[in-house]
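# Results of the structural survey
Here is what each chain is made of, one letter per residue.
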Amino acid sequence: MIINFKGAKTYIGTGGKSLDVSKMTLCFLHGAGQNHLSFIQQARFFAYKGYSVVVPDMPAHGFSDGNPCKSIKENAEWINDLLVELNLKDVVVIGHSQGCLVALELNRILKSSLEALIFVAGSNEIPVNQFLLDLSKENPQKASEMMVTWGHGIDGDMSINKWPGHSHYGEGNNIMCMNKSTALRYDLHACNDYSDGIDAAKNIKVPALAVLAKNDQMTPLKSGLKFLELIKNCETHTLDCGHFLPSERPMELNSIINSFLSKLK
Amino acid sequence: MSENYKFDTLSLHAGHIPDKETGSRAVPIYQTTSYVFNSTEEAASLYNMEVGGHLYTRISNPTVAALEQRLAALEGGASALACSSGMAAMHLVVSAICSSGDHIVASSKMYGANINLLQHTMPRFGVNTDFVNPNDPEAIKRAIKPNTKLVFGEVIGNPGLDIMDVPEIAKICNSKNIPLVLDATFNTPYLMQPFKHGANIIVHSLTKWLGGHGIAIGGAIVNGGNFDWGDKDKFPTISGPHFALGGISFWEEFGPSALIAKIRAEGMYNFGPSLSPTNAFHLMQGIETLPLRMKKHIENTHSILDFLVNHEMVEWVKHPDLETHPDHEVAKRILPKGSGSIVAFGIKGGREAGKAFIESVQLASHLANVGDAKTLLIHPGSTTHSHLSSEAMKEGGLTDDMIRLSVGLEDINDITKDFERGFRAVKKLNK
Ligand SMILES: Cc1ncc(COP(=O)(O)O)c(C=O)c1O
């Protein structure tokens, strides 16, 4: 659905169902340079399972207008305001990559209505190398292509896909191209500049789930595992794939999330 | 991991890795119509397009999917869909994008069935086409109307071998937000990848060079993922609510793969031109050697061109790699590896000479196909167009002495020797 939020056209994927605020809400937060289409195989899946699903395109991403947020905190505040605007109460926040950092910050603001946190291919920090930071300014398309290549496991190289006929590389590049050309640069800087992750992780009081990727070259498994040590009682799974876990291992991820959610109810 | 494999490697590997259970190195032929569901929930999620997977072979199949993913990788597209023939692919694209009242701009120099579909069949359903010269981007621009929903042409036209200036035409389409759909059968991704030049959708007859062995009919649509379908008034059945799945918006839910998602949910579901898994396997076997074959096709074509241009019995020779071809400069720019292995030539002596030549060669096969590993010939004047006068043929851009040659992979000396046999028969006739 499209709403006018903070004076800008804002798109929120709802998984093909209309939003019902009386239900538990799953709020999916996309990663750097991505948009709602990172969660193609999660949005419809959970909406059809009876959850209320919101997958916002952050400002300047996907179908949303506006200026990109400049920091992880700004992203979290934007999401917080959006959830208030939509009148959503029992929220499970699911972040992928940069979305995990935003979720960590959101945890500090959203306390009363937050039911659980789910981290997909995440960590408490996402340092970005200078080469990619520079490239995202000079040639965002090239930078996107490199991220799509690094971001996928062998399934990317071999054009293996659970969705018949789809290519992770071709689809991934074009998903990133849908964003405004400045979006990636702001995201990568926001990730690189974020340094409150350790405190934020220690501060988690709600049930938490983490699904990490064995061959993650963007937020390496080692970093992800160190992050999880900071969280009290975090259920952890590792899947054999690359960073773009939601599209590389959709069924496995969905069923892990599904059984975690069923324990919350 | 993250190797970014090159074209030759992808031709062999893309779309398949050996599964852990059987270790089968070759892509298995999943000769099945349907797939057992693990639960009712899983079945529902496949029907609702919540997740990817197979439910019925008319819609998708693991062997066919391996072929599709190989094609998507070779073209650099977001997604692909394989179907029963090149013509099925063409019809699926047109019917997915256009509805009654819509308009198409198409090349006037194309394969007969492509012309027929647009000129005679689609108007019965309210979709009309204006045909324009494919080498005239300005004419294409002028023909675009407010209700134009796609521009269509063949990169290398069959049989006239006109070359479309793809980057120029793509710029025009892009500025008007109209998808450029190209039949890339004659070039294959080995000679040219249209998405790199700004095209949006590719249609293939896999029957020809991609399959390459004249053993299976098949077609494919490759979706560049680089087109914005967001205008709900212009593309209401792709971005607006669609009757399938309770008013789904394919554009919102699937973004770059919206068109393929729509074709699977509507075209494959309701028209049903599916490719058999066994034919998908045969076509993939062909694609494994596409780079090797195309190299040799081009090498042999250039040798044959030399031979024909210098032959006393040959009146004229047409191929875009010859400087005499009107589109030679465009061909050099967009098809630097060569512009395919179809050659048209005229034999001194007109229609009778063409007939005598065709009937005397013994290695080259006289038949109605192109892109086989074997050399193929046809003489339209005595076969497909035998009912037409010389004048009527000229009006259609053909001459009655014309032979269409699809250059194969045989030893070049054997091909030329075979042609000499044909020319001797013509000489006898001319005496
Ligand atoms: C350029 C071109 N496009 C499409 C087709 C149709 O392909 P198929 O026979 O696979 O339907 C042909 C067949 O000759 C062709 O030459």
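Here the structure is shown first, and the text comes after it.
My aim in this report is to walk through the structure given alongside it, one point at a time. Each chain has its residues counted from 1, running along the sequence as written. Whichever chain is written first becomes A and whichever ligand is written first becomes 1, with later ones labelled in order. Owing to the predicted nature of the model, reporting of local features is limited to residues with pLDDT of at least 70; listing and counting of side-chain atom pairs is limited to 80 or more, with chain, interface and lining totals taken over all residues. Side-chain descriptors were evaluated using all non-hydrogen atoms of the structure, hydrogens and water having been removed beforehand.

### Some thoughts on empty space enclosed by the protein
All names here are of chain A. A 1.4 Å probe that fits but cannot get out identifies a cavity on a 1 Å grid over protein atoms alone, an open set with protein on both sides within 12 Å along at least five of seven lines counts as a pocket, and a residue lines either if it has an atom within 4 Å of a point. Grid points are joined across faces, edges and corners, and a volume is the space filled by probe spheres set on the points. Counted according to the given criterion, the structure contains six cavities of 30 Å³ or more. By volume, the largest cavity amounts to about 260 Å³. In this structure, the largest cavity is lined by 21 residues; those nearest its centre are Leu-37, Ser-38, Glu-171, Ile-175 and Ser-247. Helix and strand labels come from DSSP, where a helix needs a run of H or I of at least four residues and a strand needs a run of E of at least two; each type is numbered from the N terminus. Put simply, the parts of the chain that give the lining of the largest cavity at least two residues each are helix H1 (40-47), helix H7 (168-177) and helix H11 (245-248). At four residues, the largest contribution of residues to the lining of the largest cavity is made by H7. The residue classification treats Ala, Val, Leu, Ile, Met, Phe, Trp, Tyr, Cys and Pro as nonpolar and Asp, Glu, Lys and Arg as charged. All others, Gly included, are polar. Residues belonging to the lining of the largest cavity are distributed by class as follows: nine nonpolar, 11 polar and one charged.

### Some thoughts on the environment of Asn-135 of chain B
All names here are of chain B. Note that Asn-135 resides in the loop between strand S3 (128-132) and helix H6 (137-143). The sequence separation of Asn-135 and Pro-277 amounts to 142 residues, and the corresponding C-alpha distance is 38 Å. Any two residues whose heavy atoms approach within 4.5 Å at even a single point are treated as in contact. When residues no more than four places from it in sequence are discounted, the contact partners of Asn-135 are Lys-109, Asp-162, Ile-163 and Asp-327. In the analysis that follows, any N or O atom pair within 3.5 Å is treated as a polar contact, provided that within protein one partner can donate a hydrogen and the other can accept it, and provided that, for residues neighboring in sequence, both atoms belong to side chains. A polar contact is formed between the side chain of Asn-135 and the side chain of Asp-162, at a distance of 3.3 Å.

### What about the pairing of strand S7 (residues 219-223) of chain B?
All names here are of chain B. Most of S7 sits inside the fold, with five of its five residues counted as buried. Across the two faces of S7 the burial is the same, with Gly-219, Ile-221 and Asn-223 and Ala-220 and Val-222 all buried. A pair of strands counts as paired when DSSP detects no fewer than two bridges linking them. Pairing of strand S1 (residues 79-83) with S7 involves five bridges; the strand directions are antiparallel. Bridging from a neighbouring strand, Ser-79 pairs with Asn-223 of S7. The pairing of strand S6 (residues 201-205) with S7 spans five bridges and is antiparallel. When the sheet's bridge partners are listed, Val-203 is paired in S7 with Ile-221. Think of it in three bands: residues with accessible area under 20% of the maximum for their type are buried, residues over 50% are exposed, and the middle band is partly exposed, with areas taken using a 1.4 Å probe on protein chains only.

### Concerning unusual backbone geometry
Going from Asn-158 of chain B to Pro-159 of chain B, the amide bond is cis rather than trans, its omega being 5°. Along the chain, Pro-159 of chain B turns up in the loop between strand S4 (148-154) and helix H7 (166-175). Here Lys-6 of chain A, not a glycine, exhibits a phi torsion of approximately 55°, which is positive. By the element assignment, Lys-6 of chain A lies in the loop between strand S1 (2-5) and strand S2 (8-13). Residue Lys-6 of chain A is classed as exposed on the basis of its relative accessible area of 54%. A positive phi is found at Ser-97 of chain A, a non-glycine position, where the angle reads about 55°. Structurally, Ser-97 of chain A can be placed in the loop between strand S5 (91-96) and helix H3 (98-109).

### Details of the pattern of salt bridges
Any carboxyl oxygen of Asp or Glu that lies within 4 Å of a side-chain nitrogen of Lys or Arg is treated as forming a salt bridge with it. This model, assessed by the stated rule, comprises 24 salt bridges over all chains. The closest approach of N and O atoms between Asp-165 of chain B and Arg-333 of chain B, which form a salt bridge, is 2.9 Å. Of this pair, Asp-165 of chain B sits in the loop between S4 and H7 while Arg-333 of chain B sits in helix H14 (residues 328-334), and the two are 168 residues apart along the sequence. The buried category is assigned to Asp-165 of chain B, whose relative accessible area is 11%. With relative accessibility at 47%, the residue Arg-333 of chain B sits in the partly exposed group. Of the charged contacts, one joins Lys-171 of chain B and Glu-168 of chain B as a salt bridge, the two residues approaching to 3.1 Å between their closest N and O atoms. Pair noted here: Lys-171 of chain B and Glu-168 of chain B are both in helix H7, with a separation of three residues, about one helical turn. Given a relative accessible area of 54%, Lys-171 of chain B falls into the exposed group. Connected through salt bridges with shared partners, the residues Lys-73, Glu-105, Arg-108 and Asp-196 of chain A form a single ionic network.

### Let's talk about the interface of chain B and chain A
Interfaces are frequently sized by the accessible area removed from exposure as the parts join. Of the residues lining the interface, 44 residues belong to chain B; the matching set on chain A comes to 39 residues. Throughout, the accessible surface (probe 1.4 Å) given up by two parts as they are put together, summed over both, is called the buried area. Across the interface of chain B and chain A, roughly 3,400 Å² is buried in total on both sides, 58% from carbon and sulfur atoms. For the interface between chain B and chain A, the tally reads two salt bridges. One salt bridge in this structure joins Glu-253 of chain B and Arg-44 of chain A, with 3.3 Å as the shortest N-O distance. Between chain B and chain A we count 17 residue pairs in polar contact (both at pLDDT 80 or more) in total. Those elements giving two or more residues to the side of chain B that touches chain A turn out to be helix H1 (7-13), helix H2 (40-47), helix H3 (62-75), S1, helix H10 (250-254) and helix H11 (258-271) of chain B. Take the side of chain B that touches chain A: its biggest share by element is five residues, from H3 of chain B.

### What about the nonpolar core?
The biggest cluster of nonpolar side chains holds 61 residues, and the ones touching the most others in it are Leu-67, Leu-71, Val-151, Val-166 and Leu-180 of chain B. A per-element tally of this core places H3 of chain B first, with seven residues. Split by domain, this core shows at least three residues from each of two domains, domain 1 (7-286) and domain 2 (290-430) of chain B. Setting aside its immediate chain neighbours within four residues, Val-151 of chain B contacts Val-105, Ile-140, Ile-144, Ile-169, Cys-173, Ile-178, Pro-179, Leu-180 and Val-181 of chain B. Within this scheme, the nonpolar core is defined by two criteria: the residues are buried Ala, Val, Leu, Ile, Met, Phe, Trp, Tyr or Cys, and they are joined through side-chain atoms within 4.5 Å. The next biggest cluster of nonpolar side chains, apart from the first, holds 55 residues, and it includes Ile-79, Leu-104, Leu-188 and Ala-208 of chain A. All domain edges in this entry derive from an automatic or database-based domain assignment.

### Some remarks on the sheet that holds S4 of chain B
Residues and elements named next belong to chain B. Ordered in space as S1-S7-S6-S5-S4-S2-S3, the seven strands form an open sheet in which the pairing is mixed. Where the open sheet ends on each side, the last strands, each with one partner, are S1 and S3. Here the average twist between neighbouring strands, direction ignored, is 20°. Pairing of strand S2 (residues 103-107) with S4 involves four bridges; the strand directions are parallel. Bridge pairing in S4 places His-103 opposite Thr-148. Each axis is a line fitted through C-alpha atoms, taken for helices only over the stretch in contact, and angles between the N-to-C directions span 0 to 180 degrees. Along the sheet, H3 makes contact with S1, S6 and S7, crossing S1 at roughly 130°. Set on the sheet, helix H5 (residues 112-121) makes contact with S2, S3, S4 and strand S5 (180-183); between it and S3 the angle comes to about 130°.

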